[in-house]
Structure formats: C-alpha cells, structure tokens
Amino acid sequence: MSLALPFQRRESVAVKVGPVVIGGGAPIVVQSMTNTDTGDAAATADQVEALARAGSELVRITVDTPASAATVGEIRKRLDDVGCGVPLVGDFHYNGHRLLNDYPDCARALAKYRINPGNVGFGKKRDVQFSTMISQAMEYDKPVRIGVNWGSLDSNLLTRMMDENARSADPLDAHLVTREALVVSALSSAEAAEEQGLPGTTSCFPARSAACRTW
C-alpha cells in the first residue's frame, strides 16, 4: 500500500503561453521536446502532432540555425492545417538574437522564447544580445523563460563570485557559491528583462539560500 506524501505547490505568477496557462492556480502542464532536425518541417510537425496527441500541452523545438528558424513558420502552419494548436516553445543558444531578428515568421510563430543566460553570448556582447531577444519578445508579445542549469551557467559570473569568495575572510564551500551563482544569474537576467519593459514574474523564483551571501 502506498501513501501519498503531502504536497504544497509554490506560489507563482500565472503566465499565458498561447492558450495555455502556466503557474498561478492553473493545473500543472506537460511539456515535451522534439528530437528531429527542426529544419525538416514535415518531420518536426509530425512529431509535434504525435506528442500533442500523447498529451503534451507544450512542445519545445530547437532553433539554433538559420535553416531551423526559417522553417518554424511552416511547422506552425502544418500543425494548424491539421487542427493541432499546441504552442511551440523556441529553444535558443547563442544566436537567438540574430535568428529572431532575421526571421520574423519564426518570432511570430513561437508561443514562448527559452533563454539560458549563460548561452546568450560572452563579454559585452552578452548584454546586447540578451537585450535584442527581450526586445523581440516585447514586439511580438511573447513570454520568455529565463532559467539556468549547471551546463549553461554564465562562466564570467561564476568566476567573479568564486574570486570574491576566495578573498573573503570566511569563504563558503565552492558548491554553495556555484548554487548561489545559478540563482544570481536567473534573478539578475530577469530583473534586466523587467527593466527593459518585459512584464515580470520574478516572484516565481525561489528565495536564495540563507547560507549564501548576497553578491
């Protein structure tokens, strides 16, 4: 006999991704991701439709090349033609600012943009490229997912925080600093997007660990 564990959802702000509501008091949403070459519109549309039939309420597709960006509009049309309205989420890496600008059909067809701050760019270019993506989201009225993980953490931010920690009279464990860097990266990027004018939902982010300093 299995016993259900007590569970309480964290409070969050509701966000619309196309017709689908995420967060707030809305039901938990299932998202899947294709493994096709997005540049192959027919194969990708077929897989998105199959995922939607299986119960996926959002489908993420990789948009990392001009060829993939050029086909997003066609993928959306193919889905609409067969009555599949599942929203498409664009997963960008490094060149998203250019692809969204160069392929407006892609920018319009996607229901949400997915950004990892560490995968936007390097050095001074990072802020400009991030700002460009936020501007595109605002122009086309699209929500933006700003999130982080170990594989896409901003290396400059982590290095700076590690150096500051090393100079401290009471340095923290490196693992704690890395975890804090994840939070700092997400929150600072979200705040930058809000300052630019994108409606904010930073209350969705968890509070920082009490064991970590404010950087």
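The paragraphs below set out a description of the structure included in this document. Because the structure is predicted, anything quoted here is derived from the model rather than measured.

### Looking at the sheet that holds strand E3 (residues 31-33)
To summarise the sheet geometry, strands pair through backbone hydrogen bonds and adopt either a parallel or an antiparallel arrangement. On the basis of which strands lie adjacent, the open sheet formed by five strands has the order E3-E4-E5-E6-E7 and parallel pairing. Looking at which strands have only one partner, the edges of the open sheet turn out to be E3 and strand E7 (144-146). Direction aside, neighbouring strands of the sheet carry axes that sit 25° apart on average. When strand E4 (residues 58-62) meets strand E5 (residues 88-91), the two strands line up parallel, connected through four bridges. Within E5, the residue paired with Thr62 across the bridge is Asp91. Running over the sheet, helix H1 (residues 41-53) touches E3, E4 and E5 and is turned about 155° from E4.

### What to know about helix H6 (residues 155-167)
Over its 13 residues, H6 runs 18 Å from end to end, which matches the ideal 18 Å to within 8%, given 1.5 Å per residue. Every buried residue of H6 is listed here: Leu157, Met161 and Asn165. Buried residues along H6 cover an arc of 65° about the axis, so they all sit on one side. Those residues of H6 that are exposed and aimed more than 90 degrees away from the buried face are Ala166 and Arg167. At its buried positions, H6 is contacted by helix H7 (174-196). The N-capping residue of H6, defined by a side-chain oxygen 3.0 Å from the backbone nitrogen of Asn156, is Asp154.

Parameters and conventions
Residues numbered from 1 in each chain as written. Predicted model: local features only at pLDDT ≥ 70, side-chain atom pairs only at ≥ 80, totals over all residues. Heavy atoms only, no water. Pairing = 2+ DSSP bridges. Helix = DSSP H or I, 4+ residues; strand = E, 2+ residues; numbered from the N terminus. Axes fitted to C-alpha atoms, helices over the stretch in contact; angles between N-to-C directions. Contact = heavy atoms within 4.5 Å. Expected span 1.5 Å × (residues − 1). Buried < 20%, exposed > 50% of the residue type's maximum accessible area, 1.4 Å probe, protein only. Arc of directions from axis to C-beta. Polar contact = N/O pair within 3.5 Å; in protein donor to acceptor, adjacent residues only side chain to side chain.

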